[in-house]
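Overview (structure and organization)
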Amino acid sequence: MSREKIVELIEGAVAAAVEAGEIPPVADVSVALERPKRLEHGDWATNLALVLAKHTGARPRQVAEALARHIEPVPGVVSCVEVAGPGFINFRLAPEFVRGILFEIDARGDGFASSDAGGSRRVQVEFVSANPVGPLHVGHGRWAAYGDALVRVMERAGFDVQREFYVNDYGTQVANFGRSISARYMEALGREATFPESGYAGRYIVDIADRIVEEHGEEYADLPDEERSRLFADAEYPRMLESIRATCERMGVGFDVWFSERELYRKGEVERTLAELEERGEAYRSEGALWLKTSEYGDEKDRVLVRSNGEPTYFASDIAYHHDKMLRGFDLVIDIWGADHHGYVARMKAAMDAMGYGAEHLEVILGHLVRLYRAGEPVVMSKRTGDIITLDELLDEVGPDAARYFFLQRTSDSPLDLDIDLARKESPENPVYYVQYAHARICSILRFAAEQGAGDRVPSPRDVALLDTAAEMDLIRKLAELEETVVICARQRAPHRLTKYAEELAALFHVFYRDCRVVTEDEGLTAARMFLVKGVRRVLKITLGLLGVSAPDSM
RNA sequence: GCGCGUGUAGCUCAGUUGGAUAGAGCGAUGGCCUCCGGAGCCAUAGGUCGUGGGUUCGAGUCCCUCCACGCGCGCCA
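Just so it is clear, the structure is predicted and the values come from calculations on it, not from any experiment.

Conventions we followed
- Residues numbered from 1 in each chain as written.
- Chains lettered and ligands numbered in written order.
- Predicted model: local features only at pLDDT ≥ 70, side-chain atom pairs only at ≥ 80, totals over all residues.
- Heavy atoms only, no water.
- Near = heavy atom within 4 Å.
- Polar contact = N/O pair within 3.5 Å; in protein donor to acceptor, adjacent residues only side chain to side chain.
- Helix = DSSP H or I, 4+ residues; strand = E, 2+ residues; numbered from the N terminus.
- Nonpolar A, V, L, I, M, F, W, Y, C, P; charged D, E, K, R; others polar.
- Expected span 1.5 Å × (residues − 1).
- Buried < 20%, exposed > 50% of the residue type's maximum accessible area, 1.4 Å probe, protein only.
- Arc of directions from axis to C-beta.
- Contact = heavy atoms within 4.5 Å.
- Core = buried A, V, L, I, M, F, W, Y, C linked by side-chain atoms within 4.5 Å.
- Axes fitted to C-alpha atoms, helices over the stretch in contact; angles between N-to-C directions.
- Parallel < 35°, antiparallel > 145°, perpendicular 65-115°, else oblique.
- Pairing = 2+ DSSP bridges.
- Right-handed = clockwise from strand over helix to strand, strands pointing away.

**Quick word on the protein's contact with RNA strand B**
Neighbouring RNA strand B are 61 residues; Phe88, Arg307, His342, Arg410 and Arg441 lie closest to it. The contact in question runs from a phosphate oxygen of RNA strand B to an N or O atom on the side chain of Lys37, over 2.9 Å. Here Arg517 contributes a side-chain N or O atom positioned 3.4 Å from a sugar or linking oxygen of RNA strand B. Secondary structure elements with two or more residues in the surface near RNA strand B: helix H2 (48-56), strand E4 (88-93), helix H6 (172-188), strand E9 (289-292), helix H15 (431-451) and helix H19 (496-515). Among the residues making up the surface near RNA strand B, the classes are represented as 25 nonpolar, 18 polar and 18 charged.

Dropping the structure here:
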């Protein structure tokens, strides 16, 4: 890749300048390299001279000129090196080197833009992790899209990543679920029932109860309430979990591991972890409860692990869970939580320290919520009242491609406003159609070319050299940006940048399409342009694939 | 009250460890189809980057004040 070539040149110049006594030694050169925003500033630029000047108090431009003196253009690679502005060194690549990316795309195929930037670091990403007591809501959809795209992007950037869904199938939520079904069941039979205070009011609970009545009639009516509730909870949460899995599947999101909280308890991992923390002197007893000294690791106060009634808290099992993750050998664990859990981050990180792993092995990404609107009016969403728009309903209305793309357009750490009426319009306001259209259009061109009998030989470098208009070169340069874009997305945990890349690439293609006819009388030019267009198609497909959005041949 | 997050064009939002003249889509206005898909392209208008200070060669980006909005602050999960 061109980046490495430029870094080489800069490193050489730095070494030469240091030897000549013109500048002090420099640690790392590669970080100072960036793509200028403006084309007239070249293909690559470094602010290294500015950074050096800052440390030494020298004049930035003088440092830049000293460095530039030690850099010679490389025929066929770098055509021009110049000092500009306050002290940037700009590099312009030779056109034939720029065009070389087309051959690279052709050679690497679907593996194009993958790199080893992540160094095969073992990473686990845990996301969605919804309680199996109700359907996924729209916010879950956002986190599913985000987590899944993040994993795809990190994989392509050379991380070894696993997807995990944590199933909270133990404790209060599941118990409430059972009690809610139980109450609806009794109501359906015309028996006396009081709906629990903290029950789930959603319509789906009634549906479940009705189904049980249909299948089993009054079979459970005379059981004690608690027993019936437990029975229903145990029988129904796996079904609910299955439907959650199916919804994720609809969005193209699959998990490598479904990890059960219940299993943690069953295997005694919670007990073991608590004992360990006590042995390490990180936990202590007070007021009849067991506390973790989280305040020693940056949390506001110590937190309860075991209540005075003997019941472990959710925090306790969560620590055991993260203990388990670390035992499984991950270098880094990324948790994606709803933003409403942000008060929980400090204590979980403190727990990582208390266990002796170090908080730096846990990264928490807070997925902000989705605010739903209908025709500009906010939709009140509450599990308490049961008034929610489910993810399935949204998928019914806008389809998985638009939903995923929409969710991925914004950074994860800001709230997302989603107007359902707007989203369901399927109008060009949703850029997913714009990008998909570019792909479909290319496929159409290639179909046309085939009808015309245009050959699809790999063009010679001389043919490819015919690609020299601004529209063609701009498009080619954009193709070369995918790999670094993927790396940035992975490092910043910011897959949303890829939607922007996709739109820019599509836009440049549309401009090219306007300016350049692909199928012409000129065989060499036709071959070259078909080669280019195929490269664009490949890159669009890879990009959309990373986002989890389909790349249709026609629309 | 304390903590976290967010304030960038009329609207929705991008903006690499601080870099060169702050971008895109939608909306608005005006143009472009004899010929590979007009779900497209081109042009124009639109900004004190919430406010006020600070750090420096340089701040949308870093630090502090204040304002607005969202979320959190349980022996809930």
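**What about helix H4 (residues 95-108)?**
Between its first and last C-alpha atoms H4 spans 21 Å; for 14 residues at 1.5 Å apiece the expected length is 20 Å, and the two agree. Every buried residue of H4 is accounted for by Val98, Arg99, Ile101, Leu102 and Ile105. An end-on view of H4 places all buried positions within 115 degrees of arc, on one side of the element. Check the buried side of H4 and you find it contacts E4, helix H16 (461-464), helix H17 (470-480) and helix H20 (523-547).

**Observations concerning the nonpolar core**
Leu67, Phe91 and Phe407 are the most contacted members of the largest nonpolar core, which totals 125 residues. Looking at which element gives the most residues to this core, the answer is H20, with twelve residues. Beyond its immediate stretch of four places on either side in the chain, Phe91 contacts Ile6, Leu9, Ile10, Gly42, Asp43, Trp44, Thr46, Ile71, Val78, Cys80 and Val81. Judged by nonpolar contacts, the second largest core, of 30 residues, contains Phe259, Leu264, Met352 and Val364.

**Overview of the packing of H17 against helix H18 (residues 482-491)**
At a closest axis distance of 5 Å, the pairing of H17 and H18 adopts a crossing angle of 40 degrees. Between H17 and H18, the angle is such that the two are oblique. From H17, Lys478, Leu479 and Ala480 reach across to H18, where they touch Leu482, Glu483 and Glu484. Its residues assigned to classes, the contact of H17 with H18 comprises three nonpolar, no polar and three charged.

**Comments concerning the pairing of strand E11 (residues 332-338)**
Counting buried positions along E11 yields seven of seven residues, so the element is predominantly enclosed. Two strands pair when backbone bridges link them, and strand E5 (residues 122-126) and E11 are joined in this way by four bridges, in the parallel orientation. From the neighbouring strand, Gln124 faces E11, where its bridge partner is Val333. Both E11 and strand E12 (residues 362-367) contribute to a ladder of six bridges, which runs parallel. Each residue of the ladder has a partner; that of Asp335, found in E12, is Val364. Once you follow E11 into helix H12 (residues 345-354) and on to E12, the crossover reads as right-handed.

**As for H15**
Between its first and last C-alpha, H15 extends 30 Å over 21 residues, near the 30 Å set by a 1.5 Å rise per residue. Listing the buried residues of H15 in full gives Pro431, Val432, Val435, Gln436, Ala438, His439, Ala440, Ile442, Cys443, Ile445, Leu446 and Ala449. For H15, the elements touching its buried residues are helix H13 (391-408), H19 and H20. Note on H15: the residue one or two positions beyond its end, Gly453, has a positive phi of about 75 degrees.

**Some thoughts on the sheet that holds E11**
A sheet is described by the order of its strands in space; here five strands give the open sequence E7-E6-E5-E11-E12, paired in parallel fashion. The open sheet has two free edges, formed respectively by strand E7 (257-260) and E12, since each of these has just one partner strand. The sheet shows a mean angle of 25 degrees between the axes of neighbouring strands, taken without regard to direction. Where H12 meets the sheet, its contacts fall on E11 and E12, and the angle it forms with E12 comes to roughly 165 degrees.

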